Amino acid sequence: MRYCGKYQVPSPRFRTWNVEFGRCLEFGIRSLEFVFVFVACLLCAPPVPATTVSPKEFTCPLDGTKFTGRVLVSTDKLGGMDSDFCSWPKGTPGLPYEVQVCPKCFYASRNEFFNDALPEAVKKSLETVLKKWRQDHAEAKTADELSGGQRWELAAVSGIVKNDHPPLMGNLWLRAAWAARQAVMSDLHLALGDPMSSFEQLDAMEADLKEEKDPQKIIEETFRLVLGSQRAGDVKRRDAHLKKLEEMKLSQDETSRLAALKKAFAAEALYQERAIASFNVALEKGLANPEERHVYLYLVADMTRRLGKNAEAVTLYKKVIGSEQVRPDIRKMCEFLINWLQGD
Ligand SMILES: [Zn+2]
């Protein structure tokens, strides 16, 4: 900028002020630009994916019952993933909507196979088996009352009668275990991150709990630690906090919650034992695809750890590492868990 004439030459002070004002103006404009870009990004960004379901008509191949089921359309993995590949959405778990259960006879199967016709001999056996299951689980009078884990359990029970392939059976039981876990802690909102950092987070939660003085907060935080430990598969830590809860003075609701949790943990363990048995049959009989063998072996190892059998789990994790062409993420997880279990 050039000035002509004596009154047009700004004083050094004015020049400084003018330069500062210019800088402020420029900064203001840039800030506004930033705000505009930020708002535009917010407006144009795709919405956060959520679990969505839609109605679909099904016909039970066992008794011809027609019903409208809810089918999973989309979900997300924003809640992280556990060491056994159980992925968590930010909101409602979608697993229960991947299987259908006939409201009349409780026959269950994955959505895509539900309507498939069944041989007569299989139908007869299914009727007997499902009737027995309902007698043993009288608490669920209607299909709507079934838990997510029970929906997958019924799909697996139906799968046994249909003589489904062992790897498929292992996957059904594995999902029953995932659904049982998610059903009791979908409101936990624990950002455990990757499975390997979950133990550090649990350590931090324990340190915070030691500082807590409020009796009610101590109860709440201990419940969270029980749930977090279950999700991380740290049975020893879970049981230590369960014991503490049992020794505390709990309200009626808290006592019921504790009983429900223990029941859900027992159900998850039962499903894991069955998944291990099915995957082991697949491995022993050579029924798994060669590239999937180490994945099944890893799942057996991880579920063994989740059942509290740490020494056995270490041997199995080592066996996974010794397999041919191990997936890098699986190798990393095995190495971490061997170290963690051996340092325990
Ligand atoms: Zn039916």
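Computed from a predicted model, the values in this text were never measured in an experiment.

**Focus: the confidence of the model for the protein chain**
- Summary statistics for the protein chain give a mean pLDDT of 87 and a share of 83% for residues scoring 70 or more.
- Contacts of residues 1–17 to residues separated by more than four positions or lying in other chains number 5 contacts, the stretch itself having pLDDT below 50.

**A short note on helix α8 (residues 252–284)**
- In a regular helix each residue adds 1.5 Å, so 33 residues correspond to 48 Å; α8 covers 48 Å between its end C-alpha atoms and thus fits that length.
- Those residues of α8 lying buried are F265, A267, E268, Y271, Q272, R274, A275, I276, S278, F279 and A282.
- G286 occupies a position one or two residues after α8 and carries a positive phi of about 65 degrees.

**Side note on the pairing of strand β1 (residues 52–59)**
- Sheet topology places β1 next to strand β2 (residues 66–74); 8 bridges connect them, and they run antiparallel. Residue E57 lies in a different strand from β2, and its bridge partner there is T68.
- Count of turn residues in the β1/β2 antiparallel hairpin: 6 residues, of which G64 carries a positive phi of about 75 degrees.

**Considering helix α5 (residues 195–211)**
- End to end, α5 covers 26 Å across 17 residues, agreeing with the expected 24 Å (1.5 Å per residue, within 8%).
- Within the span of α5, buried status applies to P195, S198, F199 and L202. Mapping the buried residues of α5 onto a view down its axis gives an arc of 100 degrees, with all of them on the same face. Those residues of α5 that are exposed and angled more than 90 degrees off the buried face are E200, D203, A204, A207, D208 and E211.
- Among the structural elements, α6 (215–232), α7 (235–247) and α11 (328–342) are those in contact with the buried residues of α5.

Reading guide: rules and limits
- Residues numbered from 1 in each chain as written.
- Predicted model: local features only at pLDDT ≥ 70, side-chain atom pairs only at ≥ 80, totals over all residues.
- pLDDT = per-residue confidence, 0-100.
- Contact = placed C-beta atoms within 7 Å.
- Helix = DSSP H or I, 4+ residues; strand = E, 2+ residues; numbered from the N terminus.
- Expected span 1.5 Å × (residues − 1).
- Buried ≥ 20, exposed ≤ 12 C-beta atoms within 10 Å, placed from the backbone.
- Pairing = 2+ DSSP bridges.
- Arc of directions from axis to C-beta.

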